[in-house]
2 protein chains.
Amino acid sequence: MSERGISSAVIRRLPRYYRYLGELLENGEVRISSRELSIRMKVTASQIRQDLNNFGGFGQQGYGYNVRYLHDEIGKILGLDVQQTMIIIGAGNLGQALANYDFSKIGFNVIGIFDVNPRLEGLAVRGIEIQMIDTLEDFLRTNKVDVAALTVPKKNARAVATRLEDLGIKAIWNFAPIDLKVSDDVLVQNVHLAESLMNLSFNYRNRRKDKPSD
Amino acid sequence: MSERGISSAVIRRLPRYYRYLGELLENGEVRISSRELSIRMKVTASQIRQDLNNFGGFGQQGYGYNVRYLHDEIGKILGLDVQQTMIIIGAGNLGQALANYDFSKIGFNVIGIFDVNPRLEGLAVRGIEIQMIDTLEDFLRTNKVDVAALTVPKKNARAVATRLEDLGIKAIWNFAPIDLKVSDDVLVQNVHLAESLMNLSFNYRNRRKDKPSD
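Here we summarise the structure given alongside this text. Predicted model only: the values in this text are computed from it and were never measured.

1. Regarding helix H1 (residues 8–26) of chain B
Working note: α-helix, 3.6 residues per turn, so residues spaced by three or four point in the same direction. Helix length check: H1(B) (19 residues) gives 28 Å between terminal C-alpha atoms against 27 Å at 1.5 Å per residue, within 8%. Positive backbone phi, at 75°, marks B:Gly28, one or two positions downstream of H1(B).

2. A look at the packing of aromatic side chains
Any pair of aromatic rings gets described here by the distance separating the centres and the angle formed by the planes. Residue and element names in this part refer to chain A. Here the structure, examined in full by the defined rule, presents 8 aromatic pairs over all chains. A centroid spacing of 5.2 Å and a plane angle of 75° characterise the contact between Phe-114 and Phe-139, whose relative ring orientation is edge-to-face. Here Phe-139 lies in helix H6 (residues 136–142) and Phe-114 lies in strand S5 (residues 108–115), a separation of 25 residues in the sequence. In this pair, the class of Phe-114 matches that of Phe-139, namely buried. Through a chain of ring-to-ring contacts, the aromatic side chains of Tyr-101, Phe-103, Trp-173 and Phe-175 assemble into a single cluster.

3. Section: the packing of helix H8 (residues 193–205) of chain A against H1(B)
Between two packed helices, both the angle of their axes relative to each other and the distance between the axes serve to describe the pair. Orientation of H8(A) relative to H1(B), taken along the N-to-C sense of each, is 125°, at an axis distance of 9 Å. The angle between the axes of H8(A) and H1(B) places the two elements in the oblique class. Note that H8(A) runs across H1(B); the crossing there is right-handed. Of the residues in H1(B), those touching H8(A) at A:Glu195, A:Met198, A:Asn199 and A:Phe202 are B:Ile11, B:Arg12, B:Pro15, B:Arg16, B:Tyr18 and B:Arg19. Its residues assigned to classes, the contact of H8(A) with H1(B) comprises 5 nonpolar, 1 polar and 4 charged.

4. Thoughts on the interface of chain B and chain A
Contacts between chain B and chain A engage 74 residues on the former and 74 residues on the latter. Carbon and sulfur atoms supply 56% of the area buried between chain B and chain A, which totals about 6700 Å² over both sides. Sorting the residues of chain B by area buried against chain A places B:Leu197, B:Met198 and B:Tyr204 first, and these three jointly supply 10% of that buried surface. Across the chain B-chain A interface, the total number found is 7 salt bridges. In this structure, B:Asp179 engages A:Arg19 in a salt bridge whose closest nitrogen and oxygen atoms are separated by 3.3 Å. The tally of links from chain B across to chain A stands at 20 residue pairs in polar contact (both at pLDDT 80 or more). Sorting the residues of the side of chain B that touches chain A by element identifies H1, strand S4 (84–89), helix H5 (93–100), helix H7 (154–166), strand S9 (171–174), strand S10 (187–190) and helix H8 (193–205) of chain B as the ones contributing at least two each. A total of 13 residues in the side of chain B that touches chain A trace back to one element, the largest contributor, which is H8(B). The class makeup of the residues in the side of chain B that touches chain A is 37 nonpolar, 16 polar and 21 charged.

5. Section: the pairing of strand S10 (residues 187–190) of chain A
Residues and elements named next belong to chain A. Only one face of S10 is buried, namely the one carrying Leu-187 and Gln-189, since none of Val-188 and Asn-190 on the opposite face is buried. Strand direction decides the pairing type here: strand S9 (residues 171–174) and S10, joined by 4 bridges, are parallel. Bridged to Ala-171 within S10 is Leu-187.

Scoring rules and cut-offs
- Residues numbered from 1 in each chain as written.
- Chains lettered and ligands numbered in written order.
- Predicted model: local features only at pLDDT ≥ 70, side-chain atom pairs only at ≥ 80, totals over all residues.
- Heavy atoms only, no water.
- Helix = DSSP H or I, 4+ residues; strand = E, 2+ residues; numbered from the N terminus.
- Expected span 1.5 Å × (residues − 1).
- Phe/Tyr/Trp six-rings, centres within 6.5 Å; stacked < 30°, edge-to-face > 60°.
- Buried < 20%, exposed > 50% of the residue type's maximum accessible area, 1.4 Å probe, protein only.
- Axes fitted to C-alpha atoms, helices over the stretch in contact; angles between N-to-C directions.
- Parallel < 35°, antiparallel > 145°, perpendicular 65-115°, else oblique.
- Left-handed = near helix turned anticlockwise from the far one by under 90°.
- Contact = heavy atoms within 4.5 Å.
- Nonpolar A, V, L, I, M, F, W, Y, C, P; charged D, E, K, R; others polar.
- Buried area = accessible area lost by both parts, 1.4 Å probe.
- Salt bridge = Lys/Arg side-chain N within 4 Å of Asp/Glu carboxyl O.
- Polar contact = N/O pair within 3.5 Å; in protein donor to acceptor, adjacent residues only side chain to side chain.
- Pairing = 2+ DSSP bridges.

Here you go:
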């Protein structure tokens, strides 16, 4: 199976498939038709078949999809079957919220939390002690880190990102409301909360008008 | 100017335009060409012209865009020129992080924070006292609330969403990793953190392979 040439729109939908299938699994469901999946996900059945055909199908005519198989295969495509490591830079509320979130279900273990605030030093979140950021170099010398979550204030975000890049980090999960300036060699996935709220605001303000078409 | 028939892809890009223009404003920039804006935003200049033409243009040939005018007009389209109110349900780390975030720049004021944990009662975040959730009915009777941010644990999210709907809330900013079951009358904007991390994971795992095309 090849991941080549798959549109990024499909890629963006995979995590949603994964989450839905995870819920079905939790409910003990063994198989599901593309029609049922389509009703749950509010996506057309043909869209689902088309999306999953990118990865070789998984479905059997008249049987539907095997929930666990499909869940696990999509997990593999997303790279969730391999244990990956994450550090969190910025141990404020948002950083601590991330540290408390159980990402181990999708293969990510938080192995370090860093901050500049000495009052946070040694405080543990989910069993992980907050370390001062000047220990980052040492830490990265002895620990393989796949992803760094960036939850520092906006004004520090670019400098910290550059430092992470210099230290060899190749994937940054950025929560600062700013576009980072890193080389193309470093993947950045942004979570721009204000933009999400603006989208909600737009839809809320326009709900009495015609709905935007897609 | 009409917002009718604008594709949701354009709508999704507007907050990003707004953020970039805000940065330009902060840097004291008065005008910008679609070419410069395109380089900064990594979107083609023709895409930018096309997007902004949906709203009547704003650009003048040979002059470019007036930064403040464009910023403010997009802000109006997004509904950011009107003061709106938000409450936060769930005063854990994530809820407190949202309460600490300054959304007033985009017109949103947090006017209430609610939780079920009595140990949090009366604690103030950014000057707003955390209240027990059983006061929500009273609160909503005397306060107009535009948006409720939902930062409760997954297992409680659907029940709280139903309660919010029953109390007349029409817009929910949902951070719980689950799809809420509310009527079409209630807008839901999801922030699914795990899905964002899965997208990063996919791209990270596939970076040595061919890049996904769009």
